[in-house]
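Survey of secondary and tertiary structure
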Amino acid sequence: MQPVLTFTEGGIYCPAGGFYIDPWKPADRAVITHAHADHARTGSRHYLCTNDSVSLLQLRLGKDISVQGAGWGETVRIGGAEVSFYPAGHMIGSAQVKVTVDGQTWVASGDYKTENDGISGAFEPVKCHTFITESTFGLPIYRWRPQTAIFSDIESWMRENEAAGKQSILVAYSLGKAQRLLYNLAPTGKRFFVHGAIYNAQQALLSAGWPLPPVELITPETNKSEMKDQLIIAPPSAADSAWMKKFSPYSLGVCSGWMQVRGNTRRMNADAGFAISDHADWPGLLQTISNTGAEKVFVTHGFSSVLARYLQENDIPAEAVRTAFGGEEETETTA
């Protein structure tokens with residue numbers, strides 16, 4: 001029997017449907033899990049994604065792309081395959097892709113996290129025969145604290161900065177993490193001043209009707225005194241840049257799962273590190289794999305060999321697969 005999905009040089013391919021999932025080379029038909037740059041790439045002739053991702057794909061790939069949206073759980077038939085989307089909880093619009101061919105069901109996770117952050121949708125495990133999982137934080141050392149505790153720490157850090165006369169600046173990925181921060185820090189009543197990369201993503205989401213707080217774009221004309229005791233949010237690319245130095249004196253906080261590792265805050269020249277990630281931690285990965293009931297697991301980007309070996313040692317057939325997906329917590333968008 002031909003597998004439902006195969007791993008090719010162009011990406012994860014469905015022979016029965018003639019489409020790719022998050023292809024890393026231009027394809028005739030691309031099914032997209034979410035709008036981050038390593039999953040939604042330019043050049044494909046037609047895109048299929050969740051309704052919530054349509055505006056973000058247009059932001060990232062251009063208004064003139066051919067894109068079709070689908071609702072959660074809605075079945076779209078492509079050739080001999082049935083395709084549907086289920087919440088991945090990674091960022092707004094992010095989805096797992098369920099593909100069924102001749103009674104065999106495979107699910108490609110894309111990126112996912114299991115904690116509900118309030119804005120990205122609650123992750124929903126999907127029963128399947130074969131599960132393709134990411135493994136960005138697929139080591140036992142990665143275990144996230146509840147986000148309520150992290151946001152409490154951030155608020156305390158902001159108060160300490162105010163008392164010390166320092167400007168608070170948080171660094172976070174512009175599409176996904178930044179909106180999570182804005183949504184959950186809105187109750188502080190602070191004004192949010194942001195870098196252009198975050199402003200563009202925010203405007204696209206506000207236009208699409210998402211209940212996010214307003215932000216103010218930092219321009220050369222923005223008066224520094226207006227930002228006193230408020231919060232600046234910038235992408236990782238702005239850290240330690242000339243753009244950031246004009247806010248001195250400031251305290252820099254980095255929001256990333258990599259802050260779980262002692263020493264990373266110092267290595268990034270940051271004053272504070274907040275281990276908050278939009279990917280599943282080690283317990284989240286294991287619980288999700290168990291919940292799918294999958295008979296076979298393929299492990300992609302991240303610590304794929306470690307996780308695959310752990311699953312094998314626990315009698316779950318698993319295999320590490322090399323893909324071209326990256327970790328957006330390490331890079332930055334051009335949106």
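All of these numbers come straight from a predicted model, not from anything done at the bench. Note that residues are indexed from 1 along each chain, following the sequence as it is written. This being a predicted model, a pLDDT of at least 70 is required before a residue's local features are given, and a value of 80 or more before pairs of side-chain atoms are given or counted; all residues contribute to the totals for chains, interfaces and linings. Side-chain measures were taken over the full set of non-hydrogen atoms in the model, leaving aside hydrogen atoms and water.

**Notes on empty space enclosed by the protein**
Detection works on a 1 Å grid of protein atoms alone, calling trapped sets that fit a 1.4 Å probe cavities and calling open sets with protein on both sides within 12 Å along at least five of seven lines pockets, with lining residues defined by an atom within 4 Å of a point. Grid points are joined across faces, edges and corners, and a volume is the space filled by probe spheres set on the points. This structure, assessed with the given rule, holds one cavity of 30 Å³ or more. Lining the largest cavity are 14 residues; nearest its centre among them are Ile 12, Ala 108, Ser 109, Gly 110 and Phe 325. Helix and strand assignments come from DSSP, with helices taken as H or I runs of at least 4 residues and strands as E runs of at least 2, each series counted from the N terminus. Sort the elements by how many residues they give to the lining of the largest cavity and strand β11 (residues 130–135) lands first, with three residues. Within the lining of the largest cavity, the residues separate by chemical class into five nonpolar, seven polar and two charged. Note that Gly is not counted as nonpolar here; it falls among the polar residues with everything else outside the nonpolar set of Ala, Val, Leu, Ile, Met, Phe, Trp, Tyr, Cys and Pro and the charged set of Asp, Glu, Lys and Arg.

**Quick look at the packing of aromatic side chains**
Stacked, tilted and edge-to-face are the three classes assigned to paired rings of Phe, Tyr and Trp, where Trp is represented by its six-membered ring and a pair needs centres within 6.5 Å; plane angles under 30 degrees give stacked, over 60 edge-to-face, the rest tilted. Evaluation of the coordinates by the stated rule reveals 15 aromatic pairs. Ring plane angle 45° and centroid distance 4.7 Å describe the contact between Tyr 13 and Tyr 20, whose orientation is recorded as tilted. Between Tyr 142 and Trp 144, the aromatic rings sit 5.9 Å apart at their centres with planes inclined by 50°, giving tilted as the arrangement. Each residue is assigned to one of three classes by its accessible area relative to the maximum for its type, calculated with a 1.4 Å probe on protein chains only: buried under 20%, partly exposed between the two thresholds, exposed over 50%. Residue classification places Tyr 142 among the buried residues on the basis of a relative accessible area of 3%.

**Notes on unusual backbone geometry**
The peptide bond linking Ser 248 to Pro 249 adopts the cis configuration, its omega dihedral lying at -5°. Its place among the elements puts Pro 249 in the loop between α5 (242–245) and β16 (250–255). Even without being a glycine, Asp 229 presents a positive backbone phi close to 65°. For Asp 229, a relative accessible area of 27% corresponds to the partly exposed category.

**Here's the deal with the confidence of the model for the protein**
Here the protein averages 94 in pLDDT, while 97% of its residues score no lower than 70. A residue's pLDDT is simply how confident the predictor is in it, with values from 0 to 100. Two residues qualify as a contact provided that any one of their heavy atoms is within 4.5 Å of a heavy atom in the partner residue. Low pLDDT, under 50, characterises residues 329–335; the predicted model gives this stretch 26 contacts beyond four residues in sequence or across chains.

**A closer look at the nonpolar core**
Core analysis: the biggest nonpolar cluster contains 25 residues, and Leu 5, Phe 19, Ile 21, Val 31, Leu 48 and Val 99 have the highest contact counts within it. Taken together, the elements giving at least two residues each to this core come down to β2 (11–14), β3 (19–21), β7 (76–78), β8 (81–87), β9 (95–101) and β10 (104–108). Examining the composition of this core, we find that four residues originate from one element, β9, more than from any other. Setting aside residues up to four positions removed in sequence, Val 99 forms contacts with Val 4, Leu 5, Cys 14, Phe 19, Ile 21, Ala 81, Glu 82, Gln 104, Thr 105 and Trp 106. Note on terminology: a nonpolar core comprises buried Ala, Val, Leu, Ile, Met, Phe, Trp, Tyr and Cys residues joined through side-chain atoms within 4.5 Å.

**Topic: the layout of surface pockets**
Counted as a void, the largest pocket has a volume near 150 Å³. Here the lining of the largest pocket is built from residues that sort into two nonpolar, four polar and four charged.

**Brief notes about the side chain of Asn 161**
You can see Asn 161 is positioned in helix α2 (residues 147–163). Taking the relative accessible area as the measure of exposure, Asn 161 reaches 6% and is therefore buried. In this view, Asn 161 contacts Lys 166, Ser 168 and Ser 251; residues no more than four positions away in its chain are not counted.

**Regarding the environment of Pro 211**
With respect to the helices, strands and loops of the structure, Pro 211 is situated in the loop between α4 (196–207) and β14 (216–217). We classify Pro 211 as exposed; its relative accessible area is 55%. C-alpha separation for the pair Pro 211 and Glu 221, spaced ten residues apart in sequence, amounts to 28 Å.

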